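So you can see what is in the structure, the chains are spelled out below.
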Amino acid sequence: MKFSDDKLKQVDEMISHYPEGKQKSALLPLLHFVQKENGGWLSSEAMDYTAELLKIAPIEVYEVATFYSMYNLQPVGKTVFEVCQTGPCMLRGSDGIVDYIYEKLGIKPGQTTADGLFTLKTVECLGACGYAPMMQLGPDFREHLTKEKIDALIAEGKTKAN
Amino acid sequence: MGRKLLLDKAHIEGIRHYDVYRREGGYRSVEKALKTMSPDAVTEEVKKSGLRGRGGAGFPTGMKWGFLAKPEGVPRYLVVNADESEPGTFKDRYLMEFIPHLLIEGMITASYALGSNTSYIYIRGEYWWVKEILEVAVQEARNAGWLGKNILGSGFDCDIFVQPGAGAYICGEETALIESLEGKRGNPRIKPPFPAVKGLWGCPTVVNNVETIAAVVPIVNDGGDEYAKLGIGKSTGTKLISACGNISKPGVYEIEMNISVEEFLYSDEYCGGIANGKKLKACIPGGSSVPILPANLLLKTAKGETRMMTYESLSDGGFATGSMMGSGGFIAMDEDQCVVKHTYTLARFYRHESCGQCSPCREGTGWMEKILLNIENGKGKMSDIDLLWDIQRKIEGNTICPLGDAAAWPVAAAIRHFRDEFEWHVTNPADALKRNYGLANYEKPLEIAVAAP
Amino acid sequence: MADEKKLFTVTIDNITVEVEPGTSILQAARKIGGDVAPPAMCYYTKLKDSGGKCRTCLVEVAAGSAADPRPMPKLVASCRTNVMDGMVVKNITSDRVIDARNGVVEFLLINHPLDCPICDQAGECHLQDLSYEHGKGASRYEFKRRTFDKHDLGPYIQLHMTRCILCYRCVYTADQVTNERKHGILMRGDHSEIATYIEKSLENDFIGNVIDVCPVGALTDRTFRFKNRVWFTKPVDAHCNCDKCSGEVQLWMRGDEVLRVTARKDEWGEVKDTSKGETGWICNTCRFERKNASDWIIEGPSQINRHSVISQGHYENAVKPNETIKKVMGGRDPKLLMNIKDVSEVNQVELSEIKGAATSESFKQLKKGN
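Asks: Outline the side chain of A:Asn72, listing residues and values.
Replies: Relative to the helices and strands, A:Asn72 resides in the loop between helix H4 (58-65) and strand E1 (79-84). Those residues in contact with A:Asn72 that sit more than four places away from it in its chain are A:Gln35, A:Gly40, A:Trp41, A:Leu42 and A:Lys121.

The structure is reproduced here in structure tokens:
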């Protein structure tokens, strides 16, 4: 993995947010950026490159990447459904949403469809309790989920893949 | 209709952007502070206002600012905690999404008071689009001269950066947030030293919630005394409440802290009552960590007084018969909900979010989750209920940070008030898989005898 | 002398001691010694920033200081809380502390394997000591214990993650004693583990010290693996001329065979200072490569003054642990040391008076005689 000059400029901009010598602070935003550039997950090469960019030891990157739930350490499907299942979403029927996705795609939480298109994850509270049930889809939230909305999201995922 | 200080203009078209925000009177507090007030005078107004931290702990903000160490030649930092992750809480997201300049305005004024030349907003990574909204707003403020060098010719320099988290509830704890902002694992620090002395990069730091900082705007504009006139007693001003669960109108409401819980829950101005004509069974009034209350203790205190939406009234009766204002995440449960299952999802949440640093939390949260799942699935024993009680008791107060307490309290309160429902799961395992225990006696009027000390 | 520092007076379990300002409660208690010193699984004097995590050293502060004698509402980690002048602390005299500590020990044990019989740390394991003092007879945990994928840390260091209590000592050691850290704490919460992420062997010159700081059997010496039980070995102090470290070590011998080399440790299980006053970390060469008695100049038997099976070595200069129970209990003997003859008929007989093999008859006769 190697960034173009243009991307390196973006990395420098991130580092510029902090005082001299505190570039390690850019680790979380940079890992988001690297993950996006690396097809949605953090390979060990990607993490080593991140360490190199910030002039820190690789283990410092691994420690952080494995701590936070938004970093994927394994490749993921093209569309990842991250359905919230904590209390307030459970009260509004999140279990039914997970069941319905299983019914439609045959995947349980933690699994990816055979064609690699969809991954289903259950996650903990995403701060959208008033708009439950909900899921995270890429950088966006999809709220007030219904069976119809799931159907539409699956269709959208299939279209996107083609 | 109660007064609104934060969200009164949130629905004006285009308020998300600088021009409209400014036209509607935005950034007046910065002008007033930088041109006519000393930093200490701003802190003084915040003290007078009686503003309490809106993140959950309710600590007086002015006092927190007063603790900030000010050694010569050492930078100081203001960090805004936008890592909103407490189940039931989504108020800060709403504020930042609809009226981001209010937060930025509050930050500039607060940074001036605290002497912070670089301030950060630490926002949870899942709110990615909100982060982008904030970044646009910061750039607009920068372009309009509200950020940068020598703001309004006052000699005060200030810049703001938005820092994303990456999925960790624990980073809402202020020292874990600072660690995370330093590019590390979100492990809470062992205190002392407190952030006011040694925080971000070892410098004196104030960490405040989004809503707290936004409230600085009306406080400086109208004066701390005016702000303190709103509300009751030590619960001054307005509070954002995010209401969810089985209510007719989930959403974010700004309330003046002088209305009753009943009015908030049942009036059409707010939650609009329980959805689908059902009855209220239980409610967690301040975010998932605070004690759950059965319907009969929610609307009236054990003394028989009307329970109000204030810090004091919500905690009236202590943990025996009261709860807390917390972060203002109001979760209502109707008669068809299962307290055991709900408690299980919360236990799972806290196990998932424990950083794993200290033994009671790392080991205890998972243990509670496993026992609760057994009970929920009809595989529990009577002794499990006592065991759960003992585990939560041994976590509470013995951990590095408040996550241990936050994990222990919901379990304790659920057993305290709904023990018969837990026992029903044990004695009727087959039934427990098919149906819920229902409303039982949880809304019946309380015997006054409960009021004994 | 005018510039002499004023000492703080602190009372722990009714025993008063004077310490320098900036001393932690734990260190003050260690100054008193014996059972007054709280157990510490994660704190390590020689490692900066260590402590505060395991929660075994929690104590009750009954009075914050002479100036502000209010009690602290929560129990505090004694390793990371400094004393104030006039502070009153309760450790083993506080029911709250004992209750909380029992809880912590239970938490540490629920996922800890019961493999002491095959664990090289057995006999010098701090968790064993702690369980002996505070553990329950049976576990209340009915679920499967946590397991981890195996990681290979190279030819010198054996990692058993299931035994780890996440004290972070080995992480601080790698940071502070070696010049590069390749291992760390990965994952989160109850899945946290010590690992390198990508299989890497730990080979830094001083990395072997992680074995000495590990309070349990998570990190052990591969060159000593299954060689012997520590209580069958004899610890002797020895030194050599080493160009990397002080060369002042402890050899664990059986006959003339050097089975294991470690740093010298004090009564709290921490690495001692060398004769030059530096922390006695030793290098990998001394630890792993010098296994011939002829590599070393042997100074003599090590002083073992801990409550430890290792003191089964019966050296003449073994020092008995400082008994403070009586002091703590205000002169009273603790209940546990009651006279067995008070409760057992059999033992009302002086065994030494029985001539030849003892039978029920001889007991009856002797009892009559009484």
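Having put the structure on the table, let's press on.
Asks: Tell me about the pattern of salt bridges, and please be specific about residues and values.
Replies: Scanning the entire structure with this criterion turns up 63 salt bridges over all chains. Among the salt bridges present, the one from B:Lys281 reaches B:Glu421, with a minimum N-O distance of 3.0 Å. Of this pair, B:Lys281 sits in strand E9 (residues 280-284) while B:Glu421 is found in helix H18 (residues 403-427), placing the two residues 140 residues apart along the sequence. Side by side, B:Lys281 and B:Glu421 carry an identical accessibility label, which is buried. A salt bridge links C:Arg146 to B:Glu363; the nearest nitrogen and oxygen atoms lie 2.9 Å apart.

Asks: Describe the side chain of C:Lys53, listing the residues and the values that go with them.
Replies: Residue placement: C:Lys53 occurs in the loop between helix H1 (25-32) and strand E3 (58-63). A polar contact is formed between the side chain of C:Lys53 and the side chain of C:Tyr172, at a distance of 3.2 Å. Excluding anything up to four places from it in sequence, C:Lys53 contacts B:Ile190, B:Gln357, B:Cys358, B:Ser359, B:Ile400, C:Cys42, C:Cys167, C:Tyr168 and C:Tyr172.

Asks: An account of a nonpolar patch on the surface is needed here, citing residue identities and associated values.
Replies: Together, B:Phe59, B:Met63 and B:Phe67 line one region of the surface with nonpolar side chains, adding up to about 310 Å² of accessible area. As for its position among the elements, B:Phe67 is in the loop between helix H4 (61-66) and strand E1 (76-82).

Asks: Go over the sheet that holds strand E5 (residues 87-90) of chain C with me, naming the residues and quoting the values.
Replies: Residue and element names in this part refer to chain C. Spatially, the five strands line up as an open sheet ordered E2-E1-E5-E3-E4, and their pairing is mixed. A strand with exactly one partner marks an edge of an open sheet, and here the two such strands are strand E2 (15-19) and strand E4 (76-77). With three bridges connecting them, strand E1 (residues 8-12) and E5 associate as parallel partners. Looking at the pairing, Val 10 lines up with Met 87 of E5. Against the sheet, H1 engages E1, E2, E3, E4 and E5, with an angle of about 115° to E2.

Asks: Which residues make up the packing of helix H1 (residues 5-15) of chain A against helix H2 (residues 27-37) of chain A, and what are the values?
Replies: Residue and element names in this part refer to chain A. Running from amino to carboxyl end, H1 crosses H2 at an angle of 160°, the nearest separation of the two axes being 10 Å. Taken together, H1 and H2 sit at an angle that is classed as roughly antiparallel. In this structure, the crossing between H1 and H2 has a hand that is right-handed. In contact with Lys 7, Gln 10, Val 11 and Met 14 of H1, H2 contributes Pro 29, Leu 30, Phe 33 and Glu 37.

Asks: Break down the interface of chain B and chain A for me, with residues and values.
Replies: Listed as interface residues are 56 residues of chain B and, on the opposing side, 39 residues of chain A. A combined buried area of about 3800 Å² lies between chain B and chain A, and 60% of that area is made up of carbon and sulfur atoms. When the buried surface of chain B facing chain A is broken down by residue, B:Ala166, B:Arg185 and B:Trp201 rank first, second and third, together holding 16% of it. Residue A:Asp95 pairs with B:Lys341 through a salt bridge whose shortest N-O separation is 2.3 Å. Where chain B packs against chain A, one counts 27 residue pairs in polar contact (both at pLDDT 80 or more). When contributions to the side of chain B that touches chain A are tallied by element, the ones reaching two or more residues are helix H5 (91-98), strand E2 (116-123), helix H7 (128-143), strand E3 (159-164), helix H8 (174-181), strand E7 (238-245), strand E11 (329-334) and helix H15 (339-353) of chain B. With eight residues, the top contributor of residues to the side of chain B that touches chain A is H15(B). A per-class count over the side of chain B that touches chain A returns 28 nonpolar, 18 polar and ten charged.

Definitions and cut-offs
- Residues numbered from 1 in each chain as written.
- Chains lettered and ligands numbered in written order.
- Predicted model: local features only at pLDDT ≥ 70, side-chain atom pairs only at ≥ 80, totals over all residues.
- Heavy atoms only, no water.
- Helix = DSSP H or I, 4+ residues; strand = E, 2+ residues; numbered from the N terminus.
- Contact = heavy atoms within 4.5 Å.
- Salt bridge = Lys/Arg side-chain N within 4 Å of Asp/Glu carboxyl O.
- Buried < 20%, exposed > 50% of the residue type's maximum accessible area, 1.4 Å probe, protein only.
- Polar contact = N/O pair within 3.5 Å; in protein donor to acceptor, adjacent residues only side chain to side chain.
- Patch = residues over 30% accessible without salt bridge, like charges linked within 9 Å, V, L, I, M, F, W, Y side chains within 5 Å.
- Areas by Shrake-Rupley, 256 points an atom, 1.4 Å probe, with all protein chains shown as cover.
- Pairing = 2+ DSSP bridges.
- Axes fitted to C-alpha atoms, helices over the stretch in contact; angles between N-to-C directions.
- Parallel < 35°, antiparallel > 145°, perpendicular 65-115°, else oblique.
- Left-handed = near helix turned anticlockwise from the far one by under 90°.
- Buried area = accessible area lost by both parts, 1.4 Å probe.
- Nonpolar A, V, L, I, M, F, W, Y, C, P; charged D, E, K, R; others polar.

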